[in-house]
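Coordinates in review
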Amino acid sequence: MRRVIAASLIGTSLEWYDFFIYGTAAALVFNKLFFPSFEPLVGTLLAFATYAVGFVARPLGGVVFGHYGDRVGRKNVLVVTLLIMGVATFAIGLLPTYGGVGVWAPVLLVALRFLQGLGLGGEWGGAVLMSLEHGEPDKRGLNASWPQVGVPAGLLLANGVMALMSGVTSEASFLSWGWRVPFLLSGVLIMVGLWIRLSIAESPLFEAIHHGRTKARTPVLDVLRLYPRSILIAMGSRIGTDVAFYTFVLFIVTYVTQVLELPRTTALNAVLVAAGLQLFFVPYFGRLSDRLGRRPVYLFGAIGALIWIFAFFPLLNTRHTLLIVLAAVVSLFFHAAMYGPQAAFISELFSTRLRYSGASLGYQIAGVLGGALAPIISIALLDRFSTWVAVALYVGAMLLITVGAVFAAEETSTVDLHAEKPEERATPDAAV
C-alpha cells in the first residue's frame, strides 16, 4: 500500500507541477512575452485564457482515458498520461516568443497547453482509484487523499522553482530565459515518476472485474445512463472548491503584483508557506472524513471558505507581508477540508466498472466551469468594477453551489465498493 501511495503521490505531484508552472508563468511573464501588444491587465487576461485551454481539454482527457481506464486498467493509463504531460511541459520551455515568430507563439502555446490538460484530465481519476481501490475500507478517505496532496506538492515545487529563478536572475534575464528552466526541468522529473509508476501492481478491484469478464463495453455512455445524479453531485461539489483554490493561489499573484503593486515574491512566498502546510492539512482532513463522514468535513471547508473570502482581500489590502501570508494559509486550510475528502467522496459515487469514467467526468467538467474560468472572471470583474468585493461575491456564489451539492448527497464513506448496481451501494448491509 505504501508503494502504491508513493507512486500515486509522486506521479500526481509531478503532473500538477507541470500544470501549475504554466499558471504562475501566465501571471508573471506570458502576458509580456506572448501578448506584448496589449495593456498589462488585458495581456494577463489573454494569458489566463490560454491557461483555461488546459481545463477545457481536461474533460476530453477524462472521457478518453476514463474509457480506457475502465477497459484496460488504471496503471497503463497512468503511464500514458504522465508521458503526455511531461512532453508538453518540456516543449513549452523551448517555445519561441511573440518577438521571434509572431502569432505562431501563442498558437503553439495554446496547443501545448491543450496537451497538458488532456494528460491531467486522465491522471486524476487513475491516481485516486489506485490508492482508493488498494486500501482498507475504513481508510479510504486517507488513502484517496494522498494523490490530492500532489496538488499542494506540485504547487509548492512549481512556485518554489519559479521563485528561485525569479530571485537569482534579473528582471531581464528572467524574461529572457529564467522562466524556461522550470518547464525544462519537467523532463528529468517525469523520468523519475515513470520509473516509480511502472513498478506498482494493478488495482485489485479492477483485476476482479477483468477476470470476471464484467467490464463495461461503453463506460462513458453507461455512467451517463446509470449515474446522472452522481455526476451532477460530483460537479457541484467540485466547482466551488476549484474556484476558491485558483483564487487563493493564482489570482492572488495578479492582485498583489498588479493592483497592490507589491513585489511578485510577496505573493509567491505566501502561497509557498500555505502550500507547505497543506501537505499536512489534506491527509488530516482525508482521515477525519473516515471517522466523521465525508459530508460533515466537506461542508465545514466549504462554509469556512465562503466566510473567509470576505476577509481574504482586506488582509491582502493591508500590504503587510505577514497578513498576506495569513490570508493564504487560512484560505488553503479551508480548501484542504474540502479537498481532503473530495477524492473518496467523488469516487465512491460510482461502481468499480464505471468508476474511472464517472469520477473523471464529474471532476473534470467542473474544472472547466470552475478553475478554467475563475482567473478570467476574477480579472474581468476587477477590471469592470475596480473592487475586490465583486470577486469575493463570485467566489462566494460558487461555494454556495458546492454547499448545496454536498448537502444534497448521501454519505458515501459507508458504501460497498464491490457492489455494481447503484441500488445496492447505499451501505454494506444493503449490498449483502
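Above: the structure in question.
Right, let's walk through the structure included here. (Residues numbered from 1 in each chain as written. Predicted model: local features only at pLDDT ≥ 70, side-chain atom pairs only at ≥ 80, totals over all residues. Heavy atoms only, no water.)

Some remarks on the overall build of the protein chain
When its secondary structure is counted, the protein chain shows 19 helices and zero strands. Here the C-alpha radius of gyration of the protein chain, 21 Å, is about what a compact globule of 432 residues would show, namely 22 Å. Expressed as lengths along the three principal axes of its C-alpha atoms, the size of the protein chain is roughly 65 × 40 × 35 Å. By residue count, 62% of the 432 residues in the protein chain fall in the buried class. Of the roughly 15600 Å² of accessible surface on the protein chain, 70% is carried by carbon and sulfur atoms. (Helix = DSSP H or I, 4+ residues; strand = E, 2+ residues; numbered from the N terminus. Rg over C-alpha atoms; globule rule 2.2 N^0.38 Å. Buried < 20%, exposed > 50% of the residue type's maximum accessible area, 1.4 Å probe, protein only. Areas by Shrake-Rupley, 256 points an atom, 1.4 Å probe, with all protein chains shown as cover.)

So, the side chain of Gln364
With respect to the element layout, Gln364 can be found in helix 16 (residues 355-372). A polar contact of 2.8 Å, which involves the side chain of Gln364, links it to the side chain of Arg58. The residues touching Gln364, leaving out its near neighbours within four places in the chain, are Arg58, Pro59, Gly62, Leu120, Gly121 and Trp124. (Polar contact = N/O pair within 3.5 Å; in protein donor to acceptor, adjacent residues only side chain to side chain. Contact = heavy atoms within 4.5 Å.)

A short note on the packing of helix 6 (residues 104-134) against helix 15 (residues 321-347)
Packing of helix 6 against helix 15 leaves a shortest axis separation of 10 Å and a crossing angle of 85°. In this view, helix 6 runs roughly perpendicular relative to helix 15, as classed from their interaxial angle. For the pair helix 6 and helix 15, the contacting residues are Trp124, Val128, Leu129 and Leu132 in the first and Tyr339, Ala343, Ala344, Ile346 and Ser347 in the second. Taken together, the residues of the contact of helix 6 with helix 15 break down into eight nonpolar, one polar and no charged. (Axes fitted to C-alpha atoms, helices over the stretch in contact; angles between N-to-C directions. Parallel < 35°, antiparallel > 145°, perpendicular 65-115°, else oblique. Nonpolar A, V, L, I, M, F, W, Y, C, P; charged D, E, K, R; others polar.)

Details of a nonpolar patch on the surface
Among the surface-exposed residues, Leu60, Val64, Tyr68, Val72, Phe114 and Leu115 lie close enough to one another that they form a single nonpolar patch of about 480 Å² accessible area. Those elements giving two or more residues to the nonpolar patch turn out to be helix 3 (40-71) and helix 6. Looking at the nonpolar patch element by element, the count peaks at three residues for helix 3. Counting through the fold element by element, Val72 comes out in the loop between helix 3 and helix 4 (74-92). Look at Val72 and you get partly exposed, because its relative accessible area is 42%. (Patch = residues over 30% accessible without salt bridge, like charges linked within 9 Å, V, L, I, M, F, W, Y side chains within 5 Å. Salt bridge = Lys/Arg side-chain N within 4 Å of Asp/Glu carboxyl O.)

Quick notes on unusual backbone geometry
Phi is positive for Glu261, which is not a glycine, with a value near 60°. Note on placement: Glu261 falls in the loop between helix 12 (228-259) and helix 13 (264-292). Positive phi, normally seen in glycine, also occurs at Arg319, with a value near 65°. Classification of Arg319 by relative accessible area gives partly exposed; the value is 45%.

Examining the packing of aromatic side chains
Under the definition given, this model contains 18 aromatic pairs. Look at Tyr255 and Phe313: their rings are 5.2 Å apart centre to centre, the planes differ by 70°, and that puts the pair in the edge-to-face class. Note that Tyr255 is positioned in helix 12 and Phe313 in helix 14 (residues 294-317), a separation of 58 residues in sequence. The exposure class of Tyr255 is buried, given its relative accessible area of 4%. The exposure class of Phe313 is buried, given its relative accessible area of 0%. In this structure, Arg238 is placed above the aromatic ring of Tyr363, and the distance from its NZ or CZ to the ring centre is 3.5 Å. One Lys or Arg, Arg295, reaches over the ring of Phe407 and ends 6.0 Å from the middle of that ring. (Phe/Tyr/Trp six-rings, centres within 6.5 Å; stacked < 30°, edge-to-face > 60°. Lys NZ or Arg CZ within 6 Å of the ring centre and 35° of its normal.)

Here's the deal with helix 15
Compared with the 39 Å implied by 1.5 Å per residue over 27 residues, the 39 Å span of helix 15 between its first and last C-alpha is a close match. Along helix 15, the sharpest change in direction is near 40° and occurs at Pro341. A large share of helix 15 lies buried, amounting to 22 of its 27 residues. (Expected span 1.5 Å × (residues − 1). Bend = angle between axes of the 7 residues up to and from the residue.)

A look at the pattern of salt bridges
Evaluation of the coordinates by the stated rule reveals nine salt bridges. The partner of Arg238 in a salt bridge is Asp242, with the nearest N and O atoms 2.9 Å apart. Pair noted here: Arg238 and Asp242 are both in helix 12, with a separation of four residues, about one helical turn. Judged on exposure class, the residue Arg238 and its partner Asp242 are both buried. We note a salt bridge from Arg287 to Asp290, for which the minimum N-O separation is 3.4 Å. One end of the pair, Arg287, and the other, Asp290, are both in helix 13, three residues apart, so they sit about a helical turn from each other. With a relative accessible area of 19%, Asp290 lands in the buried category. It is possible to trace a salt-bridge network through shared partners that takes in Arg140, Arg287, Asp290, Arg294 and Glu348.

A short note on the packing of helix 12 against helix 13
With their axes 8 Å apart at the nearest point, helix 12 and helix 13 run at an angle of 160° to one another. It follows that helix 12 is roughly antiparallel to helix 13 by the angle criterion. Between helix 12 and helix 13 the crossing geometry is right-handed. Across from Phe245, Phe248, Val249, Ile252, Val253, Val256 and Thr257 in helix 12, the residues of helix 13 making contact are Arg264, Thr266, Ala267, Leu268, Val271 and Gln278. Class assignment of the residues belonging to the contact of helix 12 with helix 13 gives a composition of nine nonpolar, three polar and one charged. (Left-handed = near helix turned anticlockwise from the far one by under 90°.)

Let's talk about the environment of Ser331
Within the secondary structure, Ser331 sits in helix 15. Taking C-alpha positions, Ser331 is 6.5 Å from Phe248, a pair spaced 83 residues apart along the chain. For Ser331, the side chain forms a polar contact with the side chain of Trp308, separated by 3.1 Å.

Remember, this is a structural readout, not a statement about activity or role.
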